[in-house]
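Understanding the architecture of this molecule
These are the residues of each chain, in order.
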Amino acid sequence: MSQAPVFPDGFLWGAATAAHQIEGSPLADGAGPSIWTRFAHTPGMTLNGDTGDVACDHYRRWKDDVKLMRDLGLQAYRFSVAWARVLPEGTGRINQAGLDFYSRLVDELLANGIEPLLTLYHWDLPAALDDRGGWLNRDSADWFAEYASVMYKALDGRVKKWVTLNEPWVITDGGYLHGALAPGHRSLFEAPIASHNLMRAHGAAVRAYREIGAHEIGLVVNIEPKYAASDSEADRVATRRAHAYMNEQYLHPALLGRYPEELEDVFGAAWPEWPKQDFELIRQKLDFVGINYYTRGVTEANDSYPLKAGSVRQPLATYSETGWEFYPKGLTDLLVWFKQTYGDTPVYITENGAAMYDPPAAEVDADGRGRVRDPLRTAYLRQHIGAIHDAIQAGVDVRGYMLWSLLDNLEWSLGYSKRFGMVHVNYATQQRTPKDSAHWYSGVIRSHGRSL
Ligand SMILES: OC[C@@H]1[C@@H](O)[C@H](O)[C@@H](O)c2nc(CNc3ccccc3)cn21
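Residues numbered from 1 in each chain as written. Predicted model: local features only at pLDDT ≥ 70, side-chain atom pairs only at ≥ 80, totals over all residues. Heavy atoms only, no water.

With that settled, the discussion passes to the packing of helix α8 (residues 168–177) against helix α9 (residues 190–212). Between α8 and α9, the least distance of the axes is 9 Å, while the angle of their chain directions is 150 degrees. Of the possible angle classes, the one that applies to α8 and α9 is roughly antiparallel. Considering the relative orientation of α8 and α9, their crossing is right-handed. Contact residues: α8 offers Pro168, Ile171, Thr172, Tyr176 and Leu177, while α9 offers Glu190, Ala191, Ala194, Ser195, Leu198 and Met199. (Axes fitted to C-alpha atoms, helices over the stretch in contact; angles between N-to-C directions. Helix = DSSP H or I, 4+ residues; strand = E, 2+ residues; numbered from the N terminus. Parallel < 35°, antiparallel > 145°, perpendicular 65-115°, else oblique. Left-handed = near helix turned anticlockwise from the far one by under 90°. Contact = heavy atoms within 4.5 Å.)

What follows is the structure, encoded as structure tokens:
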């Protein structure tokens, strides 16, 4: 019988969401539109034309949702602020009703013993700033620092863990290179400029925090280990390129003050010369790094644009509904790589989860409660929390785990077609039903991981 895993004292067990994906009411109480309000209302941009107009109606149901978190035993809750609720034009005028929504949410979390972990930017740029060039405008660093400072002054102390950006890789690759995400640009030249300005904005927001705040701030990245599909030179070089493009493109400037050299191969003539002083801004001491882990990439050389590398499907593996292989060992490998490459910056797993086909919440259990059987999600979560424990045993300073996601929610351009929640949402009635995985996770939290 293997020993029950022991997680460090203080290891934080929580769940994560994002404003655009759960709140609904995007223009309520003086809020301004975001690029996702615009993008989703542009015909053809999202599956079935799905929008965030209602989503999980969390903007109105927030108090019940906090009660749900308490009943599940969550110790922490990672959420994001919709910038355009607070600053409808992105800068300048503050919409007090928008700020009050987040202040009330934070107070309710604290009143229920749940620690807030606040993400300042989870992809929903105010549309008014996109009209001024958005992340392509070098002024975006100042805009973001201004918005961040408003939030720090209002909430710091009640919020003690801040995140600047969620996943600059997805923002850039999806929003500026391939066009699958808002603002829907497709440009090899724009992508590195947006990416660089995002990182300048991250640095400016951290610098502002050091003036105003008194607690912790970090960056959240989505990274995945890249394993060569064969030992051919072409596949090994392609794997190195893919690793640099996804895993080092943001952590290197943030923690080392430089880009990986492979990016010049990826972007070629589109790769600019960067002002040296930019890296002094970008590289700020971080109190933690958030890692969003979902899968790995077994990588081969191919003719994909512009990376010339791609993932190879693994015939015997289990895959989620988003086509991501279950590969928990990749999380252990990735965390060990992070420590070896960047040192002992504390890490939180700020997202981990799987979209699986879940049966409708039609069943009712013996107590008359709704029931959703999701054994594959529970298997995924068990395996990946176990992989985190293996990394902790290997000396990686992992401080917590935020399950993605608390609720089934709006999966960006894929609309409501993918269900990541440990709690089922009936979008017609807004009925919340904890899935079997939620009840299982509650047991993990109660036992501090020993019941894994
Ligand atoms: O796709 C699931 C979640 C998404 O709902 C979150 O808002 C976002 O933070 C998030 N990031 C990833 C990481 N991977 C990824 C890769 C390619 C495209 C989009 C996301 C997964 N997820």
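So much for the structure itself; the text now carries on.
The subject of this paragraph is the sheet that holds strand β1 (residues 12–16). The parallel closed barrel is built from 8 strands, whose spatial order is β1-β2-β3-β4-β5-β7-β10-β13. Averaged over all neighbouring strand pairs, the angle between strand axes comes to 25 degrees, with direction disregarded. Pairing between strand β10 (residues 347–351) and strand β13 (residues 398–404): 3 bridges, direction parallel. In the sheet register, tyrosine 348 faces β13, and the bridge partner there is glycine 400. (Pairing = 2+ DSSP bridges.)

Moving on, we get to the pairing of strand β4 (residues 161–166). Here β4 lies mainly inside the structure; 6 of its 6 residues are buried. Bridging between β4 and strand β5 (residues 216–222) involves 4 bridges; their strand directions are parallel. Note on β5: the bridge partner recorded for lysine 161 is glutamate 216. (Buried < 20%, exposed > 50% of the residue type's maximum accessible area, 1.4 Å probe, protein only.)

With that out of the way, let us pick up the sheet that holds strand β8 (residues 297–301). Strand order in this open sheet of 3 strands is β6-β8-β9, and the pairing throughout is mixed. One side of each edge strand has no neighbouring strand; the edge strands of this open sheet are β6 (226–228) and β9 (309–311). With direction set aside, neighbouring strand axes in the sheet form an average angle of 45 degrees. Here β6 pairs with β8 via 3 bridges, running parallel. By the bridge assignment, lysine 226 is partnered in β8 with glycine 297.

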